[in-house]
Amino acid sequence: MIVTRGLAKRFGSVLAVDHVDLDVREGDRFGFLGPNGSGKTTVIRMLLGLVFATSGEIEVLGRPIPARVREVLPKVGALVEGPSAYGHLSGRANLALIDAAGRAGGRRTRRRRVDEALEQVGLAGIDGRPVRKYSLGMRQRLGLAAALLRAPRLLVLDEPTNGLDPQGIREIRDLLVRLNEAGTTVFLSSHQLAEVEQLCTRVGIVDRGRLILQAELSTLRPVTGRVIVRSPDADRAAAELDGQVASRDGDQLVVTGTDPAALTTRLVTAGLRVIEIRPERSSLEDLVLELTGPGTDRIDRGAGQPGNHPSPAAGDVP
Amino acid sequence: MIRVELVKLVRRPRTWASILLLCALPTVVAVFIAVTHVAPSPGQGPALLSAVLSNGTLYPAAALALVLPIFLPIAVSLMAGDAIAGEATSGMLRYLLARPVGRSRLLVAKLISVIAYVLGAVVLVAVTGYATGAGLFGTKPLLVTPHGLAASNIATSLSGTPMTPADIAMRTLGAVAFIGASMLGVAAIALFLSTLTDSSLGAALGALAALITSGVLVALNSAAVVSPYLPTKYWLAWADFFREPILWRNIERGFAIQGVYVVVFVAAAWANFATKDITS
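Residues numbered from 1 in each chain as written. Chains lettered and ligands numbered in written order. Predicted model: local features only at pLDDT ≥ 70, side-chain atom pairs only at ≥ 80, totals over all residues.

**Some words on the overall build of chain A**
- Across its full length, chain A carries 11 helices and 15 strands.
- Dimensions along the principal axes, computed over C-alpha positions, put chain A at roughly 75 × 50 × 40 Å.
- Residues counted as buried form 37% of the 318 residues belonging to chain A. (Helix = DSSP H or I, 4+ residues; strand = E, 2+ residues; numbered from the N terminus. Buried ≥ 20, exposed ≤ 12 C-beta atoms within 10 Å, placed from the backbone.)

**Some words on the pairing of strand β13 (residues 245-249) of chain A**
Residue and element names in this part refer to chain A.
- Looking at chain direction, β13 and strand β14 (residues 252-255) are connected through four bridges and run antiparallel. Looking at the pairing, Ser 247 lines up with Val 254 of β14.
- Counted between consecutive antiparallel strands, the loop separating β13 from β14 contains two residues, among which Gly 250 sits at a positive phi close to 65°. (Pairing = 2+ DSSP bridges.)

**Some words on the sheet that holds strand β12 (residues 223-230) of chain A**
Residue and element names in this part refer to chain A.
- Pairing is antiparallel across the open sheet formed by four strands, whose spatial order is β13-β14-β12-β15. At either margin of the open sheet sits one strand with a lone partner, and together these are β13 and β15 (276-281). The average angle at which neighbouring strand axes cross in this sheet is 25°, direction not considered.
- One ladder, built from four bridges, connects β12 with β14; its direction is antiparallel. Bridging from a neighbouring strand, Val 227 pairs with Val 255 of β14. (Axes fitted to C-alpha atoms, helices over the stretch in contact; angles between N-to-C directions.)

**Comments concerning the packing of helix α8 (residues 165-196) of chain B against helix α10 (residues 248-274) of chain B**
Residue and element names in this part refer to chain B.
- Direction vectors running N to C along α8 and α10 enclose 20°, while the axes themselves pass 8 Å from each other. Overall, the two elements α8 and α10 adopt an arrangement that is roughly parallel. Taken as a pair, α8 and α10 cross one another with a handedness that is left-handed. Of the residues in α10, those in contact with Phe 178, Ala 181, Ser 182, Leu 184, Gly 185, Ala 188, Ile 189, Leu 191, Phe 192, Thr 195 and Leu 196 of α8 are Ile 251, Gly 254, Phe 255, Gln 258, Tyr 261, Val 262, Phe 265, Val 266, Ala 268, Ala 269, Asn 272 and Phe 273.
- A breakdown of the residues in the contact of α8 with α10 according to their chemical character gives 17 nonpolar, six polar and no charged. (Parallel < 35°, antiparallel > 145°, perpendicular 65-115°, else oblique. Left-handed = near helix turned anticlockwise from the far one by under 90°. Contact = placed C-beta atoms within 7 Å. Nonpolar A, V, L, I, M, F, W, Y, C, P; charged D, E, K, R; others polar.)

**Quick notes on unusual backbone geometry**
- Cis geometry is found at the peptide bond from Ile 65 of chain A to Pro 66 of chain A, where omega equals 5°.
- The topology assignment puts Pro 66 of chain A in the loop between β6 (63-65) and α2 (69-72).
- Note that the residue after Arg 99 of chain B, namely Pro 100 of chain B, is joined by a cis bond; omega there is 5°.
- Here Pro 100 of chain B shows up in the loop between α6 (92-97) and α7 (103-136).
- Here Leu 61 of chain A, not a glycine, exhibits a phi torsion of approximately 50°, which is positive.

**Side note on the sheet that holds strand β10 (residues 202-207) of chain A**
Residues and elements named next belong to chain A.
- Pairing within the open sheet is mixed, and its six strands lie in the order β7-β8-β9-β4-β10-β11. Each edge of the open sheet carries a strand with a single partner, namely β7 (76-79) and β11 (210-216). The sheet shows a mean angle of 15° between the axes of neighbouring strands, direction not considered.
- When strand β8 (residues 154-158) meets strand β9 (residues 185-189), the two strands line up parallel, connected through five bridges.

**Here's the deal with the domain arrangement of chain A**
- Splitting chain A by domain gives domain 1 (2-220) and domain 2 (223-281).
- Taking the mean C-alpha position of each, domain 1 of chain A and domain 2 of chain A sit 43 Å from one another. (Domains from an automatic or database assignment.)

**Some thoughts on α10 of chain B**
All names here are of chain B.
- For α10, spanning 27 residues, the distance from its first C-alpha to its last is 38 Å, which sits close to the expected 39 Å at 1.5 Å a residue.
- Every buried residue of α10 is listed here: Ile 251, Gly 254, Ile 257, Gln 258, Tyr 261, Val 262, Phe 265, Ala 269 and Phe 273.
- On the buried face of α10, the contacting elements are α5 (71-90), α7 and α8. (Expected span 1.5 Å × (residues − 1).)

**Let's talk about the environment of Arg 25 of chain A**
Residue and element names in this part refer to chain A.
- Here Arg 25 is to be found in the loop between β3 (23-24) and β4 (29-33).
- Using a count of 12 C-beta atoms within 10 Å as the deciding quantity, one classes Arg 25 as exposed.
- Separated by 162 residues in sequence, Arg 25 and Phe 187 have C-alpha atoms that sit 9.9 Å apart.

**What to know about the confidence of the model for chain B**
- Confidence along chain B averages 87 in pLDDT terms, with 90% of residues attaining 70 or more.
- Across residues 153-159 of chain B, confidence stays below pLDDT 50; counting only partners more than four residues off in sequence or on other chains, it has eight contacts. (pLDDT = per-residue confidence, 0-100.)

**A short note on the interface of chain B and chain A**
- Counting residues at the interface gives 20 residues for chain B, matched by 22 residues for chain A.
- Within the residue set of the side of chain B that touches chain A, elements represented by two or more residues are α1 (2-10) and α6 of chain B.
- For the side of chain B that touches chain A, the element with the most residues is α6 of chain B, which contributes five residues.
- Considered class by class, the residues forming the side of chain B that touches chain A number 11 nonpolar, four polar and five charged.

**What to know about the pairing of strand β5 (residues 55-60) of chain A**
Residues and elements named next belong to chain A.
- By the bridge criterion, five bridges tie strand β1 (residues 2-11) to β5 in an arrangement that is antiparallel. Among the inter-strand pairings, Arg 5 is bridged to a residue of β5, identified as Glu 57.
- Two strands pair when backbone bridges link them, and β5 and β6 are joined in this way by three bridges, in the antiparallel orientation. Of the residues in β6, the one forming a bridge with Ile 58 is Ile 65.
- Where β5 folds back on β6, the antiparallel hairpin that results is connected by two residues, among which Leu 61 adopts a positive phi of roughly 50°.

**As for the nonpolar core**
- Formed by 156 residues in total, the largest nonpolar core has its most connected members in Leu 64, Ala 187 and Leu 191 of chain B.
- The element that contributes the greatest number of residues to this core is α8 of chain B, accounting for 16 residues.
- If near-sequence neighbours (up to four positions away) are discounted, Ala 187 of chain B is found in contact with Val 76, Ala 80, Val 114 and Val 118 of chain B.
- Core analysis: the next-biggest nonpolar cluster, separate from the first, contains nine residues, Val 227, Val 229, Ala 234 and Ala 237 of chain A among them. (Core = buried A, V, L, I, M, F, W, Y, C linked by C-beta atoms within 7 Å.)

Following this line, the structure appears as structure tokens:
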């Protein structure tokens, strides 16, 4: 759905994007991660033909960008760097204008498309208030509704859950999964790593303009070799497993040098109760922090360059 | 897209507020003149004002003369300067282009919406002028002379032709068209600046700065070499419609120079906008 080859963009002396080879396949829920200022938004703008690449090629839906944007973009829904709207108009009027812009999708069915999009994002009962009176969350939902007009095949979403409360985040995640199951490919950028972990099937990680990793999410979260056990008899379990307990947090133990099956047998044989037992996996957060430097919004004293690379906490890596 | 832009223009409070202000100034002036019956003597003050006391149907042209030096260029610069930069500031530019609206199409739609605004504003000022003028002043016969207008009672010494209502209407239409064209030149400059910056105020002020510079140079004798090519040089030539015979020379030059400004600056706006990285 999205292929880039050697994509690069230079703004003056700054190389914002450096040789990025993206590969997003049909049906993916692709998470695009990286610190602030790492070039995510520039890549997204290039995919939409807003910013012209310095070098490299882009293909979206199998067509070259920006040469064939006219054929591609009608099938793409986008949310770039936050939602926008005309503040003096109502949400409905804004969607109608956006829908009418470009090659119009037919005037007679416009009202229905606007209503459907509003319904999908949970704004079905919206009144005639002007958008400037909307809350941040409502604006975000309106921006998503604009992206969903005309049922796109590909959604390109920059921070889609920004400004939403936990319920809103859950709703939007469910919506994106539903759309994805109905055949829409979802490409989203986010800082919310836990979000991405729950939603995405594949991820790409950028740092300082370079794509440093692109893979299936499942392969990125390897088992660490340790086992997590929760037990109401945690004290006795810790004594039983003396020397093998790496850390303890309330009724939860992290145990080394064993596997879940052997550990279960051992605890049960000792007459201890077990609530939960599972292999430990490294989190996406650990991985991203390990692979990427600080964002360009961090300016350390003395250095003209962004700050030092934070080393992963020693205890996190087995 | 043209329809969308016209809808946006009409639904925008700013459009109507600016037109209201443009129409208010001539109305206020008309009321003062009608109450005091003191008009500038011929040859002094804004053109035609001396004649309107005799014939109110001339007031549309006089109204345009009142807003032409400052009000109208400011309003046109603000609207045209906002065309692209305003969309960039509101963040809608990226969504319009990602819809997709072709960049050339968007620029053409903006241009047409600006033209609609300019012509709408000029025509509405003229219509308001006619209403106030015909209501407040008489319609005594006027003479039109090689030097301009004169009320028939005071200008007996001048050789002139009496003007019929149809004659006044035709000349006024000519003046409306000429002033509209002059404002299109302003609009083209502001539109070009609007594609350069993301600040609509910056674009509008830039266009006004260009006009002020042009005005200063036109008045400067030592700049006579360039003055025929300056945008404001022939702005006042519309008054030549109210001479007998009509002095076509400056009117033609005025239309031509505005045409050149429109073509050059719209082309520059297009060249810049079509290849620009949209980072707003």
